[in-house]
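Here's the letter readout for the chains.
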Amino acid sequence: MTGFVIGAVLISFSSVMVKLANVPPDVAGFYRLFAGGLGMTVILWRLGKLRRMTPHVWRWSLVSALFFAADFFCWHRSIGLVGPGLATMLANFQVIVLTGVSILFLKERVSRPFLLAIPMAMAGLYLMVGVSWASFTPDFRLGVGYGLLTALFYSLYLLALKFSLTRAGADPLAMAGSVALITGLMLGGLGAAQGDSFAIPDTRSLLALAALALICPAIGWYLLTRGIQQVRTSLVGLILLLQPTLSYVWDILLFDKPTSPVELTGVALALTAIYLGSLRRE
């Protein structure tokens, strides 16, 4: 269980590292995903499974990569505009979106927790950003929009990845590696088209990008995957809430994010809704 908790804590620093990297959003996405994809490719090579990255797998990876690129495009911009805490909180609404898509299009049965989660999520969202909407700057409002689009695109990415894995019959690591590499190249190409510099400005930026590409996602998800078998199902959803919760806490502690009792109440409602929405797919 300790490893599972540590994994959730490590992943909570991802949005913080994006902020600390101090590079354009698509450049951060390029370094993060392309380096991660190369790492997974090396692992496949060491395991003698590199041949599993077949042209068939690459073709099926393209669909997932399109949604994944849109996800990172929106999330990294949201982090820059509203901060890592709120951006991560909004992105985690993917639990609600994913469950809603499953019910509407895959005809899954509506659960009681989900029926309660929907109005609770909307109430939490309103308290976080709706109450003070008129006082927000245009950039902040745009950041909120990017955050909600992140939730949508991440949900579509997960659905596309699940479908692709089933249809392609691919090795999950081979598929994940190819998706990461394609997504990284997409974001890199987008950054180049916009004239973004790929230069790493200083040592702090280099360390943040290294943590973003290797420590936060790779070690974090490894510990989560390894520890999930040792944790009671009833605790999985609660522990995973550490990721958005701690991202919000790091934003307050490291970047002096201003907060109010109304906003914190909205955060609590949103976290509860995210937890209820995750119960059916633990």
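Residues numbered from 1 in each chain as written. Predicted model: local features only at pLDDT ≥ 70, side-chain atom pairs only at ≥ 80, totals over all residues. Heavy atoms only, no water.

**With respect to the overall build of the protein chain**
Check the secondary structure of the protein chain and you find 13 helices and 0 strands. Order of helices (α) and strands (β) in the protein chain, N terminus to C terminus: α-α-α-α-α-α-α-α-α-α-α-α-α. Per-residue burial for the protein chain yields a buried fraction of 48% across its 282 residues. A separation threshold of at least 6 residues defines the contact pool for the protein chain, and within that pool the share at least 24 residues apart is 86%. Within the structure as shown, the protein chain displays about 13,700 Å² of accessible surface, and the carbon and sulfur contribution to it stands at 69%. (Helix = DSSP H or I, 4+ residues; strand = E, 2+ residues; numbered from the N terminus. Buried < 20%, exposed > 50% of the residue type's maximum accessible area, 1.4 Å probe, protein only. Contact = heavy atoms within 4.5 Å. Areas by Shrake-Rupley, 256 points an atom, 1.4 Å probe, with all protein chains shown as cover.)

**Brief notes about the confidence of the model for the protein chain**
Mean pLDDT over the protein chain: 84, with 88% of residues reaching 70 or higher. Mean pLDDT values over the elements of the protein chain span from 61, in helix α11 (residues 233-240), up to 92, in helix α4 (residues 55-82). (pLDDT = per-residue confidence, 0-100.)

**Examining the packing of aromatic side chains**
What the rule picks out here adds up to 13 aromatic pairs. Considering the side-chain rings of F13 and W250, the 4.7 Å spacing of their centres and the 15 degrees angle between planes classify their relative orientation as stacked. You can see F13 sitting in the loop between α1 (2-12) and α2 (14-21) and its partner W250 sitting in helix α12 (residues 242-255), a full 237 residues away along the chain. For F13, a relative accessible area of 24% gives the class partly exposed. On the basis of relative accessibility, which here comes to 17%, the residue W250 falls in the buried class. Where F72 meets W75, the ring centres are 6.5 Å apart and the plane angle is 75 degrees; that geometry is what we call edge-to-face. With a gap of 3 residues between them, F72 and W75 both fall in helix α4, about one helical turn apart. Across the pair, exposure class does not vary: F72 and W75 are buried alike. The structure contains a cluster of three or more aromatic residues connected by ring pairs, namely F68, F72, W75, Y154 and Y157. Sitting over the ring of F73, R77 keeps its end group 3.6 Å from the ring centre. (Phe/Tyr/Trp six-rings, centres within 6.5 Å; stacked < 30°, edge-to-face > 60°. Lys NZ or Arg CZ within 6 Å of the ring centre and 35° of its normal.)

**Here's the deal with helix α8 (residues 138-168)**
For α8, spanning 31 residues, the distance from its first C-alpha to its last is 43 Å, which sits close to the expected 45 Å at 1.5 Å a residue. Looking at the residues trailing α8, positive phi occurs at G169, about 60 degrees. (Expected span 1.5 Å × (residues − 1).)

**Regarding the packing of helix α5 (residues 84-91) against α8**
Where α5 meets α8, the closest approach of the two axes is 7 Å, and the angle between their N-to-C directions is 35 degrees. Helix-helix and strand crossings are classified by hand; for α5 and α8 the assignment is right-handed. In this structure, α5 uses L86, L90 and A91 to contact α8, whose residues at the interface are F140, V144, G147, L148, T150 and A151. When the residues that make up the contact of α5 with α8 are grouped by side-chain class, the tally is 7 nonpolar, 2 polar and no charged. (Axes fitted to C-alpha atoms, helices over the stretch in contact; angles between N-to-C directions. Left-handed = near helix turned anticlockwise from the far one by under 90°. Nonpolar A, V, L, I, M, F, W, Y, C, P; charged D, E, K, R; others polar.)

**A look at a nonpolar patch on the surface**
On the surface, V42, W45 and L50 cluster together into a nonpolar patch covering about 310 Å² of accessible area. For L50, the location among the structural elements is in the loop between α3 (25-46) and α4. (Patch = residues over 30% accessible without salt bridge, like charges linked within 9 Å, V, L, I, M, F, W, Y side chains within 5 Å. Salt bridge = Lys/Arg side-chain N within 4 Å of Asp/Glu carboxyl O.)

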